[in-house]
Amino acid sequence: MNKFGTIKRLCSALACCVAVVVICVSVAGCWLFDPDGPPVAQSKYLCDIYEDYFSIGAAVLPSNLGRYDEAELMKHFNSITAENDMKWRFVEPAEGVYSFGAADELVAWAQEHDTAVRGHCLVWYKSLPSWLVGKQMTKQQALNIIDKHVTDVMTHFGDSIYAWDVCNEVLRNTISDVQLAKGDVWRTGDDVSYEANSVDWYALCGVDFIKQAFRSADKVRTELGLDVKLYYNDYNLNSPNKRQAVVQLVEMLRADGIAIDGIGMQSHYRLPDYQANSEAFMQNFEDSVKTFTEMGLDVQITELDIQVYESSDSPQAFDALPREIELQQAQMFADIFAVCRKYAHTDDAEHGTVTNVTTWGVADDHTYATTSIHREFPLIFASDYSEKRAYYEIISFE
Ligand code: GLA
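Here goes a summary of the coordinates provided. None of these values were measured; they are calculated from a predicted model.

## Things to note about helix H13 (residues 278–294)
For an α-helix, the turn length of 3.6 residues means that residues three or four places apart are oriented alike.
Argument step 1. Taking 1.5 Å of rise per residue, 17 residues should cover 24 Å, and H13 covers 24 Å from first to last C-alpha, within 8% of that figure.
Argument step 2. Among the residues making up H13, those that are buried are Phe-281, Met-282, Phe-285, Glu-286, Ser-288, Val-289, Phe-292 and Thr-293. Considered in projection along H13, the buried side chains sweep an arc of 155 degrees and stay on one side of the axis.

Here it is as structure tokens:
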């Protein structure tokens with residue numbers, strides 16, 4: 001090779017080096033010399049992404065926590081709800097005898113993982129212990145039993161719970177216009193007795209059982225100085241009549257000076273109901289969130305899931321979730337989260353806000369919606385713990 005050729009090769013090698021150095025420096029520059037600090041890759045965990053809006057929760061069983069933890073799924077959630085373990089049947093199996101083992105396990109896990117705990121639920125017509133079902137009680141005895149249960153359970157958990165569902169589902173399954181007009185909105189009779197382990201609190205006490213539960217809860221909170229919010233929790237709350245019945249329930253409590261802080265909209269939904277008219281569906285959902293928050297109540301979406309079958313009796317149609325249905329379900333999840341974000345902040349001190357969205361389960365491998373009739377797919381994570389399309393839609397916002 002002649003002298004000229006050698007110089008030419010040296011020059012091009014040098015140019016290559018300079019180019020590499022320039023690229024490295026400029027790439028490194030992004031990371032090292034950005035005046036606003038190093039860029040942070042967008043977090044992939046739901047609760048981090050939603051940090052400025054509301055907490056993200058999931059209902060769990062102690063026996064499922066291990067495997068969800070191992071798959072790092074629990075990192076998406078900064079709130080948990082006991083799927084069953086705080087229900088009356090589990091915590092007070094004999095009168096005045098408490099069994100908090102499983103619930104305490106969840107609370108301990110939450111404390112270890114810097115996760116908040118929703119309390120679910122103090123007074124409900126079902127999931128009751130056998131000593132209470134069919135017990136002969138006068139109205140006053142029933143009220144005393146409620147008072148003692150609420151007091152003991154809230155005292156036990158103290159500050160480890162940030163919100164309690166004080167009453168769950170005290171309104172009828174559905175409320176017709178005539179029922180609403182007559183004030184015949186309370187769950188009683190057939191709406192109770194269809195369920196085995198149930199007590200018709202309304203037949204025993206009228207609305208006083210609701211007042212008692214909230215009064216007792218507020219008393220414990222005040223006496224122990226607890227930082228806990230008191231909620232009414234129910235389903236179908238985007239139906240206008242049930243929404244109106246909740247408004248009346250809150251007005252009734254307030255008229256008696258009884259404290260209530262928020263409404264839990266369970267939000268067990270079905271995709272076909274949204275598909276039938278998604279605009280109307282979302283309008284009803286938003287109207288409820290708006291109505292409650294304008295009353296100065298916080299709203300939590302406490303049991304969100306979206307079943308893809310039309311009814312619990314629908315025969316199984318597929319083994320895996322078809323992509324097309326997954327996309328539509330994702331859109332519905334996204335619409336719900338968008339409304340929740342819209343009401344997560346307020347400029348009006350008199351208004352409440354959306355403070356939590358909880359899914360009723362973690363992943364599709366465990367859901368109450370799967371029965372012997374069909375396998376359901378109602379959650380944000382798939383049975384193999386991968387993110388479903390819903391996850392990506394939920395985190396895609398400005
Ligand atoms: C209701 C209850 C929950 C749970 C779900 C699903 O919504 O509030 O505790 O039992 O039903 O079964």
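After that view, the rundown keeps rolling.
## Description of the packing of helix H11 (residues 240–255) against H13
Argument step 1. Orientation of H11 relative to H13, taken along the N-to-C sense of each, is 10 degrees, at an axis distance of 10 Å. Regarding the angle of H11 to H13, the classification is roughly parallel. Residue-level inspection shows Pro-240, Arg-243, Val-246 and Val-247 of H11 in contact with H13, the latter providing Asn-284, Asp-287, Ser-288, Thr-291 and Phe-292.
Argument step 2. Considered class by class, the residues forming the contact of H11 with H13 number four nonpolar, three polar and two charged.

## Concerning the pairing of strand E9 (residues 354–359)
Argument step 1. Burial analysis of E9 places five of its six residues in the buried class, the great majority of the element.
Argument step 2. By the bridge criterion, four bridges tie strand E1 (residues 55–60) to E9 in an arrangement that is parallel. Bridged to Ser-55 within E9 is Asn-356.
Argument step 3. Of the pairings in the sheet, the one linking strand E8 (residues 298–307) to E9 comprises four bridges and is parallel in character. Note that in E9 the partner of Leu-304 across the bridge is Thr-359.
Argument step 4. Handedness of the E8-helix H14 (residues 323–342)-E9 crossover: right-handed.

## Points about the environment of Ala-349
Argument step 1. Its location among the elements puts Ala-349 in the loop between H14 and E9.
Argument step 2. Distance in space between the C-alpha atoms of Ala-349 and Gly-296 is 8.3 Å, their sequence separation being 53 residues.

## Describing the layout of surface pockets
Over the atoms rolls a probe the size of a water molecule, and its path tells where empty space is left.
Argument step 1. Looking at the largest pocket, its volume works out to about 1100 Å³.
Argument step 2. Every residue lining the largest pocket is counted, 39 residues in all, and those nearest its centre are Glu-169, Tyr-235, Gln-266, His-268 and Tyr-368.
Argument step 3. Counting residues per element, the ones that place at least two in the lining of the largest pocket are strand E7 (268–270), helix H12 (271–276), H13 and E8.
Argument step 4. Considered class by class, the residues forming the lining of the largest pocket number 11 nonpolar, 17 polar and 11 charged.

The rules behind these values
- Residues numbered from 1 in each chain as written.
- Predicted model: local features only at pLDDT ≥ 70, side-chain atom pairs only at ≥ 80, totals over all residues.
- Heavy atoms only, no water.
- Helix = DSSP H or I, 4+ residues; strand = E, 2+ residues; numbered from the N terminus.
- Expected span 1.5 Å × (residues − 1).
- Buried < 20%, exposed > 50% of the residue type's maximum accessible area, 1.4 Å probe, protein only.
- Arc of directions from axis to C-beta.
- Axes fitted to C-alpha atoms, helices over the stretch in contact; angles between N-to-C directions.
- Parallel < 35°, antiparallel > 145°, perpendicular 65-115°, else oblique.
- Contact = heavy atoms within 4.5 Å.
- Nonpolar A, V, L, I, M, F, W, Y, C, P; charged D, E, K, R; others polar.
- Pairing = 2+ DSSP bridges.
- Right-handed = clockwise from strand over helix to strand, strands pointing away.
- 1 Å grid on protein atoms, 1.4 Å probe; cavity = no way out; pocket = protein on both sides within 12 Å on 5 of 7 lines; lining within 4 Å.
- Points joined across faces, edges and corners; volume = space filled by probe spheres on them.

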